[in-house]
Amino acid sequence: MPPMRTRFAPSPTGALHVGGVRTALFCQLMARHSEGSFVLRIEDTDRKRSEERFTEGILESMRWLALDWDEGPHFQSQRTPLYRDAIEKLVASGAAYRCTCTAEELQTHREAAKAAGTRISYSRHCRPGVGPGPVEGKPASLRIAVPLEGEVVFYDEIKGRIGFAVEEIEDFVIARSDGSPTYQLVVAVDDADMAITHVVRGDDHVNNTPKQILIYRALGLEPPKFAHLPMVLGADKGRLSKRHGAASVLEYRELGYYPDALVNFLARLGWSHGDQELFTRAELVEKFAIDDVNPSAGVFNAEKLDWVNAQYLRARTPEELAGDLREFARREENRELRGDEAWQSRMVETLRERASTLKGLLDSARYYLDEDLIFEEAAVKKLLVPEAAPLLDALIARLEALPTWDAPGLEETFRAVAEERDQKLGKLAQPVRVAVTGGKQSPGIFDVLEVIGRDWSLARLRTGVEMCGARSDPG
RNA sequence: GGUCCCAUCGUCUAGCGGUUAGGACGCCGGCCUCUCACGUCGGUAACGCGGGUUCGAUUCCCGCUGGGACCA
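Keep in mind the model is a prediction, meaning the values are calculated, not measured.

Draft legend 1. How the structure looks around the packing of helix α1 (residues 18-33) against helix α8 (residues 259-267). Two numbers describe how α1 lies on α8: the axes approach to 10 Å, and their chain directions differ by 85 degrees. The orientation of α1 with respect to α8, classified from their angle, is roughly perpendicular. Each of Val18, Val21, Arg22, Leu25 and Phe26 in α1 lies in contact with α8, whose residues at this interface are Val263, Leu266 and Ala267. Here the contact of α1 with α8 is built from residues that sort into 7 nonpolar, no polar and 1 charged.

What follows is the structure in structure tokens.
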């Protein structure tokens, strides 16, 4: 068996979205699994809608996700001679014929066909031996002479047998009257030229497949195998759009998702391997098989993506995670984190269990990184009450005398103060938490205090005491 | 409207004629506990409908219904 060759062929008319990423991923996995090649081709034939910035965005997205390609990117806009040759060949062999029907004439034919109940919308007016033929001297488009009877059948790697009665396929255009090739022609010629063995693409191309097979045949070539991936749907089972989250996968980078996590999540959307949920890249390559892909469309479940990302995030060591966070803060928020790497690692260690993305992690680190606190009103109202003041005062006195500032020592002090005052630990810990973090939830308070450090901690506790008093005296 | 595709918990899925229909996310509850989270234990929840085929259908076949894609 010759080595497998797959391709991903996006058109640069927009950003790469999650559906496209999944297609690219499956193409890459198939190729890698069989030690074949993964080709990247940019379908920029639509000059009006194609923009270079989209091409750059697509390449950037693929690099970010490590969807590395082995060949390309090839640009269709640079391959016109190839298409011209193919067109000439098709005309010479009689597989394609000139059509001089005008738009108005075509419209008339369509209406007539509709009235007659015929399914084909083009009358084959210009087809030799069928209609009156083309008008000489007029600009002509080129159409494929589709066989008049039979069926075009292919065996989809995911969906199985798919057949189209030839009556359903009109004599489609392969070159416009200005000589420019159409999508169907270009795709088939490129796939053939690049020796693609497996065309893996979205479901929305199923209807194009018989036409492309016809072109292959007309060119005397053996068609490749096809695999049509089901669509990725939004939460409302409609087409994925901005309302469902990101239009561009790069937005997931901005939100602090790991590329491997997004890839893992997308791999599991439509594909599975037993009960396994988490896969390394190597496992994906090893275990991926196109016939394990589910034929039905799948809904993009953002909550599950969060969970997957959280798994990846927690698998990082504190040191690695601190590095990830530094890089993220620099890239997305253009800022440097406070403190040295050891301190940052310690900080991140306290936060990692409750974050699912780097952005979430960074946002939750405010009370470590910024000197000014943002207080949650409800928390202040509930916990920084007059009764808490004496407890806090007692704690502050003890803490000031503490020789070393670390979590075990802090815990000992807290317990001692609570016991002295005959209070549960929570009665002390909760007001402290609000005073030093501004809110009711945080990592363990001793760790928080240790990371915040003596100076900021004591200052915040003193402010906290004042806040208790201020509330007791509304005047 | 035509053609094509699809159909198991809310979601992602396992299942490939005989299962108490399994796992994961989410959700709910217990435990842990200074709060939240993590962890852990438990719970909730599905074979769209109707015909066949078969001793037996979630599973195979045919309709229907419902989604979706493409073309018009």
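Further notes follow.
Draft legend 2. Region of interest: the nonpolar core. Counting residues in each nonpolar core, the largest one holds 104 residues, and the members touching the most others are Met347, Tyr368, Val432 and Leu461. Of the residues forming this core, the biggest block, 9 residues, is contributed by α1. Non-local contacts of Met347, meaning those with residues more than four positions away in its chain, are made with Leu325, Ala365, Tyr368, Leu369 and Val451. Residues Leu90, Val166, Ile169 and Met194 belong to the second largest nonpolar core, which totals 33 residues.

Draft legend 3. How the structure looks around the sheet that holds strand β5 (residues 141-144). Pairing in this open sheet of 3 strands is antiparallel, and the strands run β4-β5-β8 from one edge to the other. A single partner strand is all that each edge strand has here, and the edge strands are β4 (96-99) and β8 (173-175). Here the average twist between neighbouring strands, direction ignored, is 45 degrees. Taken together, the 2 bridges between β5 and β8 define a ladder with antiparallel strand orientation. Looking at the pairing, Arg143 lines up with Val173 of β8.

Draft legend 4. View of the layout of surface pockets. In this structure, the largest pocket spans a volume of roughly 1300 Å³. What lines the largest pocket is a set of 47 residues, and nearest its centre among them are Pro10, Ser11, Thr13, Asp204 and His205. When residues of the lining of the largest pocket are traced back to their parent elements, those giving at least two are β1 (5-8), α1, α3 (80-93), α5 (183-193), β9 (198-202) and β11 (232-233). Ranked by the residues each element gives to the lining of the largest pocket, the list is headed by α1, at 4 residues. For the lining of the largest pocket, the class distribution of residues is 19 nonpolar, 16 polar and 12 charged. The residue makeup of the lining of the largest pocket includes at least three contributed by each of domain 1 (1-71 + 230-315) and domain 2 (80-229). Quantified by volume, the second largest pocket comes out at close to 360 Å³. For the lining of the second largest pocket, the secondary-structure elements that each account for two or more residues are α13 (358-364) and α14 (366-369). Residue composition of the lining of the second largest pocket, grouped by class: 6 nonpolar, 6 polar and 7 charged.

Draft legend 5. Representation of α5. Within α5, 8 of the 11 residues are buried, which leaves it mostly tucked inside the rest of the structure. Of the residues making up α5, those classed as buried are Gln184, Leu185, Val186, Val187, Ala188, Val189, Asp190 and Asp191. Considering only its buried residues, α5 is in contact with β1, β2 (37-42), α3, β8, β9 and α6 (209-218). Immediately beyond the C-terminal end of α5, within one or two residues, lies Ala195, with a positive phi of roughly 55 degrees.

Draft legend 6. Expanded view of the domain arrangement of chain A. Domains assigned within chain A are domain 1 (1-71 + 230-315), domain 2 (80-229), domain 3 (317-369) and domain 4 (377-467). Taken over C-alpha atoms, the centre of domain 3 sits 24 Å from the centre of domain 4. Domain 3 puts 10 residues into the contact, and the matching count from domain 4 is 12 residues. Approximately 940 Å² of surface area, both sides summed, lies buried where domain 3 meets domain 4, with 60% of it carried by carbon and sulfur atoms. When the area that domain 3 buries against domain 4 is broken down by residue, the three leading residues are Arg346, Tyr367 and Tyr368, summing to 61%. Linking domain 3 with domain 4 are 2 salt bridges, by the criterion used here. Here Asp447 makes a salt bridge to Arg346, at a shortest N to O gap of 2.9 Å. Run the count over domain 3 and domain 4 and you get 4 residue pairs in polar contact (both at pLDDT 80 or more). Those elements that place two or more of their residues in the side of domain 3 that touches domain 4 are α12 (341-351) and α14. Here the element with the most residues in the side of domain 3 that touches domain 4 is α12; it accounts for 5 residues. Partitioned by chemical class, the residues of the side of domain 3 that touches domain 4 number 6 nonpolar, 1 polar and 3 charged.

How each quantity is defined
The numbers attached to residues start from 1 for each chain and follow its sequence in the written order. The order in which chains are written sets their letters, starting at A; the order in which ligands are written sets their numbers, starting at 1. For this predicted model, a pLDDT threshold of at least 70 governs which residues receive local features, and a threshold of 80 or more governs which side-chain atom pairs are given and counted, while totals over whole chains, interfaces and linings are taken from all residues. Note: side-chain values were computed over all heavy atoms of the structure, leaving out hydrogens and water. Axes here refer to lines fitted to C-alpha atoms; in helices the fit is confined to the stretch in contact. Angles between the N-to-C directions go from 0 to 180 degrees. Starting at the N terminus, helices and strands are each numbered in turn, a helix being any DSSP run of H or I of at least four residues and a strand any DSSP run of E of at least two. Roughly parallel covers angles under 35 degrees, roughly antiparallel covers those over 145, roughly perpendicular covers 65 to 115, and oblique covers all other angles. Throughout, a residue-residue contact means that at least one pair of heavy atoms, one from each residue, lies within 4.5 Å. Here the term charged refers only to Asp, Glu, Lys and Arg, the term nonpolar to Ala, Val, Leu, Ile, Met, Phe, Trp, Tyr, Cys and Pro, and the term polar to all other amino acids, Gly among them. As used in this record, nonpolar core signifies buried Ala, Val, Leu, Ile, Met, Phe, Trp, Tyr and Cys residues forming a set joined through side-chain atoms within 4.5 Å. Three exposure classes are used, based on accessible area relative to the maximum for each residue type with a 1.4 Å probe and protein chains only: buried under 20%, partly exposed in between, and exposed over 50%. Here, a strand pair is defined by DSSP locating no fewer than two bridges between the strands. Of the two site types, the cavity is a set of points on a 1 Å grid over the protein atoms alone where a 1.4 Å probe fits but cannot get out, and the pocket is an open set with protein on both sides within 12 Å along at least five of seven lines, each lined by residues with an atom within 4 Å of a point. Grid points are joined across faces, edges and corners, and a volume is the space filled by probe spheres set on the points. Residue ranges for the domains trace back to a domain assignment, done automatically or taken from a database. The buried area of a pairing is the accessible area, by a 1.4 Å probe, that goes missing from both parts when the two are put together, added over both. When a carboxyl oxygen of Asp or Glu lies within 4 Å of a side-chain nitrogen of Lys or Arg, that pair is called a salt bridge. Within 3.5 Å is the distance limit for a polar contact, defined as a pair of N or O atoms, with the added protein rule that one can donate a hydrogen and the other accept it, and that residues adjacent in sequence qualify only through two side-chain atoms.

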